[in-house]
Amino acid sequence: MTVDPIHQFKINNLVPLFTIHGHEIAFTNSALFMLIIVLLASALLIGGTAAGALVPGRLHSVAEMTYEFVANTVRSSAGNEGMKFFPFVFTLFMFVLFANIIGLIPYSFTVTSQLIVTAALALLVFLIVVGYGFYRNGLHFLNLFVPKGVPKAILPAIVLIEILSFVSRPVSHSVRLFANMLAGHITLQVFAGFIIMLASAGILGFFGAVLPFIMVVLLSALELLVAFLQAYVFAILTCIYLNDAIHPGH
């Protein structure tokens, strides 16, 4: 029996919509799970706080803790002025978090394991940073690439390095999330395949499958932690980049 750990990331067309120059545009499993993510996140935040009870319930408490956690992250990374971007950062955090967690459910689809999705989110952040940076600071936004106190002899090289570092942000921002989710799910699939292959090999194989089963349990717990950490890392990097747009001086 062979196990294909890459098959879980395949995008399948579910409902054909229309065709553009011979290219079929369809509603895919990726789009379906993104819709599910939005609905579940909305249900938690709207449903959990709609009752307005004096003593908050479990969903209400979770919604409030999530709100405060992201708000504190924005304030600590971008200052009080960065709170104007709180809705944007909060939306990113909830989307990535729910996408990561839902991807751990068997037979589901991990949206954040698709580079095109994480790249789209990272490019959105990048464009907002550049757009707001020039809108708020004008050409003074370019001070971001000119560190203070650098000797003039090496200033051109430093400016070039700063520009390359800034331009490469969408790449690192997107690949970090994509690579972590991809690698974790492939590892889980491989060990799950070991369980199936060993358990089908008779009594000795059945006992031999205990070790990979334990590994799957431990890796699942680790992936749950990684799901939250990657959502947090994506959000806090967004805050740091937004802080550069608000305060471009070094």
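Please refer to the structure placed before this passage.
A brief structural summary.

Conventions and cut-offs
- Residues numbered from 1 in each chain as written.
- Predicted model: local features only at pLDDT ≥ 70, side-chain atom pairs only at ≥ 80, totals over all residues.
- Heavy atoms only, no water.
- Helix = DSSP H or I, 4+ residues; strand = E, 2+ residues; numbered from the N terminus.
- Contact = heavy atoms within 4.5 Å.
- Areas by Shrake-Rupley, 256 points an atom, 1.4 Å probe, with all protein chains shown as cover.
- Pairing = 2+ DSSP bridges.
- Phe/Tyr/Trp six-rings, centres within 6.5 Å; stacked < 30°, edge-to-face > 60°.
- Buried < 20%, exposed > 50% of the residue type's maximum accessible area, 1.4 Å probe, protein only.

## Structural notes on the overall build of the chain
Here comes step 1: The secondary structure content of the chain amounts to eight helices and two strands.
Here comes step 2: When the helices and strands of the chain are listed from N to C terminus, the series reads β-β-α-α-α-α-α-α-α-α.
Here comes step 3: Dimensions along the principal axes, computed over C-alpha positions, put the chain at roughly 75 × 55 × 45 Å.
Here comes step 4: In the chain, 68% of the contacts between residues at least 6 apart in sequence involve partners at least 24 apart.
Here comes step 5: If you sum the accessible surface of the chain, you get close to 14300 Å²; carbon and sulfur atoms cover 73% of it.

## Overview of the pairing of strand 1 (residues 13-20)
Here comes step 1: Of the pairings in the sheet, the one linking strand 1 to strand 2 (residues 23-28) comprises six bridges and is antiparallel in character. Across the sheet, Thr 19 pairs through a bridge with Glu 24, a residue of strand 2.

## Observations regarding the packing of aromatic side chains
The description of an aromatic ring pair uses the distance of the two centres, along with the angle that the planes make with each other.
Here comes step 1: Following the criterion strictly, the structure yields 15 aromatic pairs and no others.
Here comes step 2: Each ring, one from Phe 93 and one from Phe 228, has its centre 6.2 Å from the other, and the planes form 90°; the classification is edge-to-face. With Phe 93 in helix 3 (residues 86-102) and Phe 228 in helix 8 (residues 210-246), this residue pair connects regions lying 135 residues apart in the sequence.
Here comes step 3: On the accessibility criterion, Phe 93 (2% relative accessible area) is buried.
Here comes step 4: Residue class for Phe 228 comes out partly exposed when judged on its relative accessible area of 33%.

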